[in-house]
Amino acid sequence: MSAPTVAVLATLDTKGEEAAYVKQRIEFLGGQALLIDIGLVGEPGTAPDIDRAEVIAKGGSSLAELLKAPDRQEAAPILIAGATAILMELAEQGEIQAVLGFGGTQGSSNCAAAMQALPYGLPKILLSTMASGDTSNFVDIKDITMMFPVSDILGLNPLSRTMLANAAAAAWGMAQAGVPLQRHEGGKAVIGMTNLGVITDGAMHAMNRFHEAGHEVIVFHAVGSGGRAMEQLMKEGHIQAVFDYALGEISDEVHGGFRAASPERLTVAGRLGLPQVLVPGGTEHIGLFTEANVVPDAYKNHVSVFHNPIIFVPRLNADDMRQVAASICERLKHTTGQAAMMLPTKGTSRYCVKGAPLYDPEADTAFFEALKSGVPQSVECIQIEASAEDPIFVDQAVDQLLEMLAQKIA
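All figures in this text were calculated on a predicted structure; none of them were measured in a lab. (Residues numbered from 1 in each chain as written. Predicted model: local features only at pLDDT ≥ 70, side-chain atom pairs only at ≥ 80, totals over all residues. Heavy atoms only, no water.)

Would you mind going over a nonpolar patch on the surface with me for this structure?
Where nonpolar side chains cluster on the molecular surface, the patch consists of Phe148, Val150 and Leu159 and spans about 250 Å² of accessible area. As for its placement among the helices and strands, Val150 is situated in the loop between β5 (144–147) and α7 (158–175). (Patch = residues over 30% accessible without salt bridge, like charges linked within 9 Å, V, L, I, M, F, W, Y side chains within 5 Å. Areas by Shrake-Rupley, 256 points an atom, 1.4 Å probe, with all protein chains shown as cover. Salt bridge = Lys/Arg side-chain N within 4 Å of Asp/Glu carboxyl O. Helix = DSSP H or I, 4+ residues; strand = E, 2+ residues; numbered from the N terminus.)

Pasting the structure below:
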């Protein structure tokens, strides 16, 4: 068996010396490095294995055409498309076992965009000056590992050599892991489950029940990226059934919280016809970042609590909840396959049960009534006199999905 190969993405006109050093370090460790040039204007500072002309051609243009009037904004999507196509081909053919990219703002953006298109499980490492900050645009919902080089990646020096060597070693180590993400084939299902901290006891109980029935469960933190990642894995065939236990992402999208996902959220399982059980866990509030323990002026008159010092949680009133219900119902209108909406009438999270800081039975009733009257006929609506974390409720919700799976297998 040949040594694992790490694809190295870099602008070799400005990062040639650094890329050559990375290749040297990977080879020193016993691996192979494949240098892919995603530069444009200058001549490469080291010889690439796949040159910029080939990358640009794969992206639908030519080097000569782009060099007529070099423009980063025009060239970036072409370079990204070309690098993505090349990496996808190499990954599908099993010719690379990891991808390592490095750069500043532009290089990081281009590398990250290509990495985001690659399949889950293929190691993706990005050494980036942007790693100490908001990395959401670079990582998005893919398994990209970002490393901070401390200094700019410009020339070799005692610090940069160490950082580049560490990145090379990380990529080489991941390339040897030998545990690729493979599609589930036949037998028991892999279940996608959403969760929030305010319903975790119920999520753990559900997991145990599913495990006892022989199913594996992938749990996603429903803070925007989690729900989107779950639905991407549905599209890629890694999830066969859905226990969507936390729908707070919809509340945040409707009312401007940080847990917002996307307009596609809550539509994918239905369009794919996957068996799904839906629970509006955590929908009664939204999440807002704020100064430590400071209530935003817009929410001075709301019932509220602090999830932690910088995450402010205001309760949604009856009208707010009706808007959330309307959005949920709209997203479910194209649902095919088996689907059930389970309504925990004594509280959608531990924050809003009787005696808790966000208890508001009037708002809950308005929400449940709107859901019952608004969900499409393809979605069965089941009301249970219990809270979302109550084992009685969780057991009935789990049993509902297990019955769907049993019917599908039969």
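Next comes the rest of the write-up.
What is the right way to read the nonpolar core from this model?
Among soluble globular proteins, nonpolar side chains are generally buried collectively. In terms of nonpolar packing, the biggest core is built from 37 residues, with Phe210, Phe243, Tyr245, Met342 and Leu401 touching the most fellow members. Element by element, the count of residues in this core is highest for helix α14 (residues 391–409), at 8 residues. Those residues in contact with Phe243 that sit more than four places away from it in its chain are Ile191, Gly192, Met193, Thr194, Ala206, Phe210, Val277, Ala397, Val398 and Leu401. Counting residues in hydrophobic clusters, the runner-up holds 32 residues, among them Leu34, Ile36, Leu63 and Ala114. (Core = buried A, V, L, I, M, F, W, Y, C linked by side-chain atoms within 4.5 Å. Buried < 20%, exposed > 50% of the residue type's maximum accessible area, 1.4 Å probe, protein only. Contact = heavy atoms within 4.5 Å.)

Whenever I open this one, the environment of Glu212 confuses me. Can you help?
Its place among the elements puts Glu212 in helix α8 (residues 200–212). A relative accessible area of 66% places Glu212 in the exposed class. Considering only alpha carbons, one finds Glu212 and Val254, 42 residues apart in sequence, at a separation of 37 Å.

What should I look at first to understand the packing of aromatic side chains in this one?
For any pair of aromatic rings, the description consists of the separation of the ring centres together with the inter-plane angle of the planes. All told, the structure shown has 6 aromatic pairs when counted by the stated rule. Measuring from centroid to centroid gives 5.3 Å for Phe210 and Phe243, while their planes differ by 75 degrees, and the two rings are edge-to-face. Residue Phe210 is located in helix α8, and its partner Phe243 is located in strand β8 (residues 241–246); the two are separated by 33 residues in the primary sequence. For Phe210, a relative accessible area of 0% gives the class buried. Ring centres of Phe243 and Tyr245 lie 5.6 Å apart, and the angle between their planes is 25 degrees; on these two criteria the pair is classed as stacked. (Phe/Tyr/Trp six-rings, centres within 6.5 Å; stacked < 30°, edge-to-face > 60°.)

Would you take a moment to explain the sheet that holds strand β2 (residues 32–37) for this structure?
Paired through backbone hydrogen bonds, the strands of a sheet run either parallel or antiparallel to each other. Reading across the sheet, the 5 strands line up as β2-β1-β3-β4-β5 and stay open at both edges, with parallel pairing between neighbours. Only two strands of the sheet have a single neighbouring strand rather than two, namely β2 and β5. The sheet shows a mean angle of 20 degrees between the axes of neighbouring strands, taken without regard to direction. Across the sheet, helix α4 (residues 72–92) lies against β1 (5–10), β2 and β3 (98–103), angled at about 155 degrees from β2, the strand it touches most. (Pairing = 2+ DSSP bridges. Axes fitted to C-alpha atoms, helices over the stretch in contact; angles between N-to-C directions.)

What is the right way to read the packing of helix α1 (residues 12–28) against α7 from this model?
Geometrically, a packed helix pair is captured by the angle between its two axes and the distance between the axes. As a packed pair, α1 and α7 sit with axes 9 Å apart at the nearest point and diverge in direction by 50 degrees. Relative to α7, α1 is oriented oblique. Helix-helix and strand crossings are classified by hand; for α1 and α7 the assignment is right-handed. Across the interface between the two elements, Glu18, Tyr21, Val22, Arg25 and Ile26 of α1 pack against Arg161, Leu164, Ala165 and Ala168 of α7. For the contact of α1 with α7, the class distribution of residues is 6 nonpolar, no polar and 3 charged. (Parallel < 35°, antiparallel > 145°, perpendicular 65-115°, else oblique. Left-handed = near helix turned anticlockwise from the far one by under 90°. Nonpolar A, V, L, I, M, F, W, Y, C, P; charged D, E, K, R; others polar.)

Would you explain α7 in this entry?
Because an α-helix packs 3.6 residues into every turn, residues spaced three or four apart end up facing the same way. The end-to-end C-alpha distance of α7 is 26 Å, a good match for the 26 Å that 18 residues give at a rise of 1.5 Å each. Turning to α7, its buried residues are Ser160, Met163, Leu164, Ala165, Ala167, Ala168, Ala171, Trp172 and Ala175. For α7, the elements touching its buried residues are β1, α1, β3, β4 (124–128) and β5. Near the N-terminus of α7, the side chain that reaches the backbone nitrogen of Leu159, with its oxygen 3.0 Å away, is that of Asn157. (Expected span 1.5 Å × (residues − 1). Polar contact = N/O pair within 3.5 Å; in protein donor to acceptor, adjacent residues only side chain to side chain.)

Would you mind going over the pairing of strand β6 (residues 190–195) with me for this structure?
A regular strand places its side chains so that they alternate between the two faces of the sheet. Burial runs high along β6: 6 of the 6 residues are buried. Along β6, one buried face is formed by Val190, Gly192 and Thr194 and the opposite face, lined by Ile191, Met193 and Asn195, is buried too. Bridging between β6 and strand β7 (residues 216–221) involves 6 bridges; their strand directions are parallel. Bridging across to β7, Thr194 finds its partner in Phe220. As paired elements, β6 and β8 share 3 bridges and run parallel to each other. Directly across from Ile191, in β8, lies its bridge partner Ala241.

Explain the environment of Val242 here, please?
Structurally, Val242 is set in strand β8. Classification of Val242 by relative accessible area gives buried; the value is 1%. In the structure, Val242 is positioned 48 residues away from Thr194 in sequence and 8.6 Å away in space, judged by C-alpha atoms. Apart from the residues within four sequence positions on either side, Val242 is in contact with Ile191, Gly192, Met230, Met234, Ala269, Leu274, Pro275, Gln276, Val277 and Leu401.

Please explain the side chain of Arg52 as it appears in this structure.
In this structure, Arg52 sits in helix α2 (residues 52–58). Engagement of the side chain of Arg52 in a polar contact is seen with the backbone oxygen of Leu40, the distance being 2.3 Å. Aside from chain neighbours lying at most four places away, what touches Arg52 is Asp37, Gly39, Leu40, Val41, Gly42, Glu43 and Leu63.

Could you clarify how one ought to interpret the sheet that holds β6 in this entry?
With parallel pairing, 6 strands are arranged side by side in an open sheet as β7-β6-β8-β9-β13-β14. The sheet is open, and its two edges are formed by β7 and β14 (380–384), each paired on a single side. Neighbour to neighbour, the strand axes of the sheet diverge by 20 degrees on average, direction disregarded. Examined bridge by bridge, β8 and strand β9 (residues 276–281) share 4 bridges and lie parallel to one another. Bridge assignment links Phe243 to a residue of β9, and that residue is Val277. Strand contacts of helix α13 (residues 361–374): β9, β13 (339–344) and β14, with the helix running at about 160 degrees to β13, the strand carrying the most contacts.

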